[in-house]
Amino acid sequence: QEDLFKNVISHAKEYGYIFASSEIYDGLSAVYDYGQNGAELKKNIKEYWWRSMTQLHQNIVGIDAAILMHPTTWKASGHVDAFNDPLIDNKDSKKRYRADVLVEDYAEKLLQKAEKEIEKARKRFDDFDEEMFKNTNPRVQRYLGDRKEILERLARSLTNEDLADVKALIEELEIADPETGSKNWTEVRQFNLMFGTKLGASADSATQLYLRPETAQGIFVNFLNVQKTGRMKIPFGIAQIGKAFRNEIVARQFIFRMREFEQMEMQFFVRPGEELEWYEKWKETRLNWHKSLGLGEENYRFHDHEKLAHYANAAADIEFNFPFGFKELEGIHSRTDFDLKAHEEFSGKKLRFYDPELKENYVPYVIETSIGLDRMFLAVLSSSLKEEDLGDGNTRTVLKLPAVLAPTKAAILPLIKRDGLPELAQQIVDDLKWDFRVQYDEKDAIGRRYRRQDAAGTPLCITVDHESLEDKAVTVRFRDSMEQKRVPISEVKALIAKETDF
Ligand code: ATP
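Cut-offs and rules
- Residues numbered from 1 in each chain as written.
- Predicted model: local features only at pLDDT ≥ 70, side-chain atom pairs only at ≥ 80, totals over all residues.
- Pairing = 2+ DSSP bridges.
- Helix = DSSP H or I, 4+ residues; strand = E, 2+ residues; numbered from the N terminus.
- Axes fitted to C-alpha atoms, helices over the stretch in contact; angles between N-to-C directions.
- Near = placed C-beta within 6 Å.
- Nonpolar A, V, L, I, M, F, W, Y, C, P; charged D, E, K, R; others polar.
- Buried ≥ 20, exposed ≤ 12 C-beta atoms within 10 Å, placed from the backbone.
- Arc of directions from axis to C-beta.
- Domains from an automatic or database assignment.
- UniProt positions renumbered as here; feature names shortened; annotations may be inferred.
- Contact = placed C-beta atoms within 7 Å.
- Core = buried A, V, L, I, M, F, W, Y, C linked by C-beta atoms within 7 Å.

A.B. asks: Could you clarify how one ought to interpret the sheet that holds strand β21 (residues 460-464) in this entry?
C.D. replies: Sheet strands line up and pair through hydrogen bonds in the backbone, either parallel or antiparallel. Reading across from one edge, β20-β19-β21-β22-β23 is the order of the five strands in this open sheet, with mixed pairing throughout. In this open sheet, the two edge strands, each paired with only one partner strand, are β20 (438-440) and β23 (484-488). Neighbouring strand axes in the sheet, compared pairwise and without regard to direction, differ in orientation by 25 degrees on average. Bridge analysis of strand β22 (residues 473-478) against β23 gives five bridges, and the strand direction is antiparallel.

Here it is as structure tokens:
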């Protein structure tokens, strides 16, 4: 698995998906740039989300709010006072960690131990009953029981902001610095994750601003603007895609945890009292969206939160099986009326909806779906990268991206560089380029060009050969099956559309 992750990172660079930011200056920690293929893939993921939200739902509209907001926004939202992570340093290695992540990683190891026991037993017994085994095997029970207790205690301590107890937990579990093995820890303290910046020219008249740590608040402060001008009736949603910034304590795992990243968030406004029903609905809708991409249903699981943020009355994550295990990909939160009420209080403006059916005014409740675009990118990239054994002693590297997301939909390849084949291939490109991103490639032998497109994730290769001049047909090769078929040039456009459409 570690190897897989390393492969993903080097493949992302080699094929123009992701580069370290300002790499010639040795990069900037936890900041990345998207290359020529990465930018396309990212754009396609955005489009897939945006369309499913704002086109498939008549009652969801999209906005694009500014990154910089009035500073009171972050006072009202609670970010100034409470957007903290618990921080701990190792006294020997001088390395800094998130205390809760240290404990969660420890708990994850217990889960892995339990799963190992289950796997061992599965191999031993023919008629293996997993549920029964889980409920009766003492070792599995101990691992799972300990894990549950540890996570519950962590959740309690974090909710009560009892940081001494988090420290005590780390000591009791004898958690070591993952890099050096040292168990010599400092106290746990709070660290605010917001990046500050200044508005205005001179130092004394400047106003302290923040780079937004989430896109949601841009939606809340525009709630009435959108509701009134769009004549929206509850229930309705507002979607947004945009940058967010967090001064993460430990930035590791590539684009999983970045300091500058993008979120795709949707706030759905509902009648008070109906929020938990909508919460369940959105959990299901969002999981189905993920499944529709075909990355493998076994790669998703829900994690229902025991520890709830100050604004939530229910919360769950959709976790994805990344190369380093199951981790949060998307959050679905029932945020109550916390945000709108807080903005009412701090701004002195009413943020209410007159419900013509109930004939009353109220502050709506909110269900939020919040997914990290870069995390989604990593999920897509890492689960698509395959090393395939072709059976004849050869292997190939293939990036089996969902065709709808692939940066290039088809490569147009003249078999050789003469006899009028390049000209015909170019004509085909000129015809297709109005509808799809296609690429012309004439360099190297055809087999090598196929491999290059496989590794870049291009779903279709279209080869122009001598016969094409006669029969006005081309050979279409499919990335995943490597099957080839002859298709009239006049039908190529429809075929690409069928293979790569939403
Ligand atoms: P985590 O527990 O991993 O720090 P979170 O619970 O703080 O995440 P939310 O505040 O719920 O995350 O943000 C919603 C989504 O935004 C997350 O599910 C994740 O996909 C994405 N996200 C959050 N922080 C980052 C980050 N530093 N880099 C990339 N994506 C992020």
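A.B. asks: Got a minute to help me understand the site of the ligand in this structure?
C.D. replies: Lining the immediate surroundings of the ligand are 16 residues, of which Phe261, Gly331, Ser370, Gly372 and Arg375 lie closest. Within the residue set of the shell around the ligand, elements represented by two or more residues are β10 (260-270), β13 (325-336), β16 (365-372) and α13 (373-384). Top contributing element to the shell around the ligand by residue count: β13, with four residues. Partitioned by chemical class, the residues of the shell around the ligand number four nonpolar, four polar and eight charged.

A.B. asks: What is the right way to read helix α8 (residues 163-172) from this model?
C.D. replies: Listed in full, the buried residues belonging to α8 are Val166, Leu169 and Ile170. Taken end-on, α8 shows its buried residues confined to a sector of 100 degrees, consistent with a single buried face. Turned more than 90 degrees from where α8 packs its buried face, Ala164, Glu171 and Glu172 sit exposed. The positive-phi residue at the C-terminal boundary of α8 is Glu174, with phi of around 55 degrees.

A.B. asks: Would you mind showing me how to read the domain arrangement of the protein here?
C.D. replies: Interface size is commonly expressed as the accessible surface area that is lost when the partners come together. What the domain assignment reports for the protein is domain 1 (1-70 + 193-385), domain 2 (84-190) and domain 3 (408-500). The straight-line distance from the C-alpha centre of domain 2 to that of domain 3 is 52 Å.

A.B. asks: Please explain the UniProt feature "binding site: substrate" (unreviewed entry) in the protein as it appears in this structure.
C.D. replies: Per the UniProt record, "binding site: substrate" (unreviewed entry) is annotated on Arg98, Glu214, Phe261, Glu262, Gln263, Met264, Glu265, Glu368, Thr369, Ser370, Ile371 and Gly372. Annotated residues spanning 275 residues; largest pairwise C-alpha distance 25.4 Å, indicating distribution over more than one region. Residue position: Glu368 is located in strand β16. Here Glu368 falls in the buried class, since 23 other C-beta atoms lie within 10 Å of it. Among residues more than four places away in sequence, those in contact with Glu368 are Ala216, Glu265, Gln267, His333 and Arg335. You can see Thr369 is positioned in strand β16. By the C-beta count within 10 Å, which is 24 here, Thr369 ends up buried.

A.B. asks: What exactly am I supposed to notice about the pairing of β22 here?
C.D. replies: Regular strands place their side chains on alternate faces of the sheet. As defined by bridge partners, β21 adjoins β22 across four bridges and the pair is classed as antiparallel. Bridge pairing links Cys461 to Arg477 in β22. Counted along the chain from β22 to the antiparallel partner β23, the turn is five residues long, and its residue Met482 has a positive phi close to 60 degrees.

A.B. asks: I tried to follow the nonpolar core on my own but got confused; where do I start?
C.D. replies: Nonpolar side chains tend to gather and get buried jointly when the protein is soluble and globular. Counting residues in each nonpolar core, the largest one holds 39 residues, and the members touching the most others are Phe377 and Val380. Residue assignment for this core shows that the elements contributing at least two residues are α1 (2-14), α2 (36-54), β9 (236-245), β10, β12 (314-322), α13 and β18 (395-399). The element contributing the most residues to this core is α13, with seven residues. Setting aside chain neighbours within four positions, we find Val380 in contact with Ile45, Leu295, Leu401 and Leu405. Ile238, Met266, Trp278 and Val363 belong to the second-largest nonpolar core, a separate cluster that totals 27 residues.

A.B. asks: Can you help me understand the sheet that holds strand β6 (residues 189-192) in this one?
C.D. replies: One open sheet accounts for three strands, arranged β5-β4-β6; its pairing is antiparallel. Edge positions in the sheet fall to β5 (96-98) and β6, since each has one partner strand and no second. Pairs of neighbouring strands in the sheet enclose a mean axial angle of 45 degrees, with direction left out of account. Those strands touched by helix α5 (residues 99-124) are β4 (84-89) and β5, and its axis lies near 70 degrees from that of β5.

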